[in-house]
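Close look at the chain arrangement
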Amino acid sequence: MAEIKNNDSIGKTLTVVLVLCLVCSIVVAGSAVGLKSRQQEQRALDKQRNILSVAGLMPGEMSPEDVAQTFASRITPRLVDLASGDLLDHDPASYNQAQALKDPQRSTELDVSQDPAGIKRRSNTAEIYLVRDEHQRVQQMILPVYGNGLWSMMYAFVALDTDGRTVKGITYYDQGETPGLGGEIENPAWRAQFIGKKVLDDKGQPALKVMKGAARPGDEYAVDGLSGATLTSNGVQHSFTFWMGEMGFGPFLKKVREGELNNG
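So, a few notes on the structure that sits alongside this text. No experiment lies behind these values; they were computed from the predicted model shown.

Procedures and definitions
- Residues numbered from 1 in each chain as written.
- Predicted model: local features only at pLDDT ≥ 70, side-chain atom pairs only at ≥ 80, totals over all residues.
- Heavy atoms only, no water.
- Helix = DSSP H or I, 4+ residues; strand = E, 2+ residues; numbered from the N terminus.
- Buried < 20%, exposed > 50% of the residue type's maximum accessible area, 1.4 Å probe, protein only.
- Contact = heavy atoms within 4.5 Å.
- Phe/Tyr/Trp six-rings, centres within 6.5 Å; stacked < 30°, edge-to-face > 60°.

Here we take up the environment of D86. Relative to the elements of secondary structure, D86 occurs in the loop between β1 (75-81) and β2 (87-88). For D86, a relative accessible area of 30% gives the class partly exposed. Residues D86 and P251, 165 residues apart in the sequence, show an inter-C-alpha distance of 8.1 Å. Apart from the residues within four sequence positions on either side, D86 is in contact with L79, V80, D81 and K255.

Laid out in structure tokens, this is it:
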């Protein structure tokens with residue numbers, strides 16, 4: 001009598017499980033690869049939207065095509081050597097700040113006395129954005145700044161006038177502070193009070209102050225702090241102190257005030 005094979009053997013069950021796992025892995029990996037380019041495109045689009053917004057070039061909703069076209073025609077990304085303040089001729093598209101921060105040759109470790117923003121390391125090169133008018137004349141510059149708040153690293157773009165001192169706009173685009181308290185750094189009404197304020201004094205030293213409570217009327221160096229969010233307000237203050245200082249964009253802003261931006 002022929003032997004009856006047991007199709008429910010443990011070996012066959014394990015084989016089926018392994019095959020299913022392999023197929024699922026291939027499907028998941030394929031989906032991840034297929035979505036990666038779309039995710040990168042979306043991140044680039046969000047970045048462009050935030051830059052156009054702080055530059056005052058997004059009056060309302062814009063299609064992705066309009067965002068890309070406006071960005072290409074009005075925004076010029078440039079790389080800056082933070083130590084010297086020089087604009088570099090390198091292609092910004094080839095620069096990856098996250099990788100630079102991991103490379104001791106392309107970044108600088110900060111000690112506590114140098115690091116009010118609590119970022120620990122600073123890349124030696126930073127990407128900035130020059131905003132041009134229809135005649136390609138530079139109208140303002142947009143600087144990326146970031147620093148620790150109460151719960152999170154807070155990332156912002158700050159638009160400055162060509163005097164290298166006067167704020168034209170600010171937007172926080174990535175933060176994890178407490179909603180309704182520290183999270184109010186994204187509130188348009190709070191951000192609007194920065195417009196027209198000075199980030200540097202007449203000697204070129206960081207001067208913008210985020211006050212505990214209300215700023216004095218007419219004080220061109222002070223803005224109101226966030227009610228109930230002292231540590232987040234302090235984080236904003238420390239970000240400006242660092243990035244407008246000598247370890248941040250200070251050397252570049254000095255050259256801007258001396259008129260070198262017109263050659264960029």
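Moving on, we get to the packing of aromatic side chains. Applying the stated rule across the entire model yields nine aromatic pairs. Note on Y129 and F157: the rings are 6.0 Å apart at their centroids and 90° apart in plane angle, and the pair reads as edge-to-face. Of the two residues, Y129 sits in strand β5 (residues 125-132) while F157 sits in strand β7 (residues 153-161), which places them 28 residues apart along the sequence. The pair formed by Y129 and F157 is uniform in burial state, with each residue classed as buried. When the ring of F157 is compared with that of Y173, the centres are 4.7 Å apart and the planes differ by 20°; the resulting orientation is stacked. Residue F157 is found in strand β7, and its partner Y173 is found in strand β8 (residues 167-174); the two are separated by 16 residues along the sequence. An aromatic cluster of three or more residues is present, and its members are Y129, Y146, Y155, F157, Y173, F242, W243 and F249.

By themselves, these are just geometric observations and shouldn't be taken as functional.
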